[in-house]
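Remarks on the overall topology
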Amino acid sequence: MSKSAGTSNPEYVNARVSSRRGALYDTDDYRKLVRMSPAEIARFMEESAYEEQVNELGSRFSGVDLIEYALNGNLAEQFEDVLDWCEGRLYDQVARYLRKFDAWNVKTALRGQYADAERESVEADFIRAGEFDDARIGRLLDAGSIEEVVEVLSDTPFGPGLEEAYGDYEASGVLVPLENAVDRAYYELLSTSDLSGEALAEYREFLESEIDFRNAINALRLARSGADVDPSEYYIEGGVLFSAEELRALAQNPDELVQRVRDSRYGEDLSDALADLEAAESLIGFERALEAALLEYADSLGHVYPLSVTPVVSYILAKEREVDNIRAIARGKEAGLSEEEIEEELVIL
């Protein structure tokens, strides 16, 4: 019998996930890490859930490189474990959600080509937690141009959208159309049409929020890129905050877009982030606040519906945030940032 057949087992999986969740770094751990050198961070990681990866990779890498590879290796292993625990419909839902790492790897390959980055630095950012096998990832790394990356993906769910967006990329010279096409393909894979029942209705609401936030970020990125691209062409279906036509108009007026978010069901949670966005003219703080808001929202649903998929999604998001935070600390140290500057980069609830 296949993993996707038969009965779901959320009670068992969520018990296992809860145990893993309890082992994640807390605020005190991050305060310690911010005061450490990269070598000290690696030693700290060696005494936690990252022990296996740090020991395995320690003979080949050091410093920030060791931290990067250990983080991504552990992330992939943790999510592989979660999938191994899941059965039936729960397996299908979690597997689809984890394809976000295929989307991440596609964007990483595109950005690497755009920046003419070294193969090793691109590979260090790859996270092998989706469905792409080693052969596909190797072909992405071996590609010699953005056009070749698009060709490598022609037979995947990302292929058609990337092929359509390639002309906009060539005309504009910015990656935003290609990245938006990747996002849209991923969220189409997450179709909420089969999510029925009270617990799954809450999960659908979470996915709607994630799509709304992604549409807002993509529209703002397009507006600030200066590219002559119609944002409605990269609109992601499934949210509740914007229609495609509204997004086209709002992308040309970021102040109105921010006001739309402020007036929505998300406004209260994001009030500080919206104020920061208006004041700083920067997307970074806004995106970070959206990530924190999504994590907090997924947490709240996981408590209300402990026998649904939401606690698993909440753990996936929390584990991602841990990895992102450790990476931000290590890179900040390498770049010579102050402790205060590094702390501003972290997402901590």
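Residues numbered from 1 in each chain as written. Predicted model: local features only at pLDDT ≥ 70, side-chain atom pairs only at ≥ 80, totals over all residues. Heavy atoms only, no water.

1. What to know about the overall build of the protein chain
Along the protein chain, the regular secondary structure elements total 19 helices and 0 strands. A compact globule built from 349 residues should have a C-alpha radius of gyration of about 20 Å, and the protein chain, at 20 Å, falls within 12% of that. Once the C-alpha set of the protein chain is aligned to its principal axes, its extents read approximately 50 × 45 × 40 Å. Residues counted as buried form 52% of the 349 residues belonging to the protein chain. (Helix = DSSP H or I, 4+ residues; strand = E, 2+ residues; numbered from the N terminus. Rg over C-alpha atoms; globule rule 2.2 N^0.38 Å. Buried < 20%, exposed > 50% of the residue type's maximum accessible area, 1.4 Å probe, protein only.)

2. Comments concerning the environment of Val-94
Locating Val-94 in the fold gives a position in helix α6 (residues 88–97). Looking at Val-94, the relative accessible area reads 2%, which means it is buried. Beyond its immediate sequence surroundings of up to four residues, Val-94 is in contact with Val-82, Leu-83, Cys-86, Val-309, Val-312 and Ile-316. (Contact = heavy atoms within 4.5 Å.)

3. Some points on the pattern of salt bridges
Pairing is possible between side chains that carry opposite charge, provided their charged atoms lie close to one another. What the rule picks out here adds up to 23 salt bridges. Where Arg-128 meets Asp-134, a salt bridge forms, and the shortest distance between an N and an O atom there is 3.0 Å. Between Glu-246 and Arg-260 there is a salt bridge; the shortest N-O distance is 3.4 Å. Within this pair, whereas Glu-246 is found in helix α14 (residues 244–251), its partner Arg-260 is found in helix α15 (residues 254–262), the two being separated by 14 residues in sequence. Looking at Glu-246, the relative accessible area reads 31%, which means it is partly exposed. (Salt bridge = Lys/Arg side-chain N within 4 Å of Asp/Glu carboxyl O.)

4. Quick look at a negative patch on the surface
Residues Glu-147, Glu-148, Glu-151, Glu-163, Glu-164, Glu-170 and Glu-233 make up a contiguous surface patch of negative charge. Inspection of the secondary structure puts Glu-170 in helix α11 (residues 159–172). (Patch = residues over 30% accessible without salt bridge, like charges linked within 9 Å, V, L, I, M, F, W, Y side chains within 5 Å. Areas by Shrake-Rupley, 256 points an atom, 1.4 Å probe, with all protein chains shown as cover. Lys, Arg positive; Asp, Glu negative; His and termini not counted. Charge placed at Lys NZ, Arg CZ, Asp CG, Glu CD.)

5. Some points on the side chain of Arg-136
Topologically, Arg-136 is positioned in helix α9 (residues 134–142). Reaching out from Arg-136, the side chain makes a polar contact with the backbone oxygen of Val-152 at a distance of 2.8 Å. Excluding anything up to four places from it in sequence, Arg-136 contacts Val-152, Asp-155 and Thr-156. (Polar contact = N/O pair within 3.5 Å; in protein donor to acceptor, adjacent residues only side chain to side chain.)

6. Some points on the confidence of the model for the protein chain
Interpretation of the predicted coordinates at a detailed level should be avoided for regions scoring low in pLDDT. Per-residue confidence for the protein chain gives a mean pLDDT of 88, with 95% of residues at or over 70. Least confident of the elements in the protein chain is helix α16 (residues 271–280), whose mean pLDDT is 72; most confident is helix α10 (residues 146–152), at 98. (pLDDT = per-residue confidence, 0-100.)

7. Things to note about unusual backbone geometry
A negative phi angle characterises most non-glycine residues, just as the trans form characterises most peptide bonds. Here Asp-116, not a glycine, exhibits a phi torsion of approximately 55°, which is positive. Position of Asp-116 relative to the elements: it lies in the loop between α7 (100–114) and α8 (119–125). Looking at Asp-116, the relative accessible area reads 70%, which means it is exposed.

8. Looking at the packing of α11 against helix α12 (residues 176–189)
At a minimum axis distance of 8 Å, the contact between α11 and α12 shows a crossing angle of 160°. Overall, the two elements α11 and α12 adopt an arrangement that is roughly antiparallel. The handedness of the crossing between α11 and α12 comes out as right-handed. Facing α11, whose interface residues are Gly-161, Leu-162, Glu-164, Ala-165, Tyr-166, Asp-168, Tyr-169 and Ser-172, α12 presents Pro-177, Leu-178, Ala-181, Val-182 and Arg-184. (Axes fitted to C-alpha atoms, helices over the stretch in contact; angles between N-to-C directions. Parallel < 35°, antiparallel > 145°, perpendicular 65-115°, else oblique. Left-handed = near helix turned anticlockwise from the far one by under 90°.)

9. Observations concerning α14
Within α14, the full set of buried residues consists of Leu-247, Leu-250 and Ala-251. Buried positions in α14, seen along its axis, are confined to an arc of 95° and lie on one side of it. (Arc of directions from axis to C-beta.)

10. Some words on the packing of aromatic side chains
The description of an aromatic ring pair uses the distance of the two centres, along with the angle that the planes make with each other. One pass over the structure, following the stated rule, counts 12 aromatic pairs. Look at Tyr-25 and Tyr-50: their rings are 6.0 Å apart centre to centre, the planes differ by 70°, and that puts the pair in the edge-to-face class. Remark: Tyr-50 occurs in the loop between α3 (38–46) and α4 (51–57) and Tyr-25 occurs in the loop between α1 (10–22) and α2 (27–34); sequence separation between them is 25 residues. Ring centres of Tyr-203 and Phe-206 lie 6.4 Å apart, and the angle between their planes is 15°; this geometry places the pair in the stacked category. Of the two residues, Tyr-203 and Phe-206 are both situated in helix α13 (residues 198–225); the distance of 3 residues between them amounts to about one turn of the helix. A single burial state applies to Tyr-203 and to Phe-206, both of which are buried. An aromatic cluster is built from Tyr-25, Tyr-30, Phe-44 and Tyr-50, whose rings are joined through pairwise contacts. Sitting above the plane of the Phe-132 ring, Arg-136 keeps its charged end 5.9 Å from the centroid. (Phe/Tyr/Trp six-rings, centres within 6.5 Å; stacked < 30°, edge-to-face > 60°. Lys NZ or Arg CZ within 6 Å of the ring centre and 35° of its normal.)

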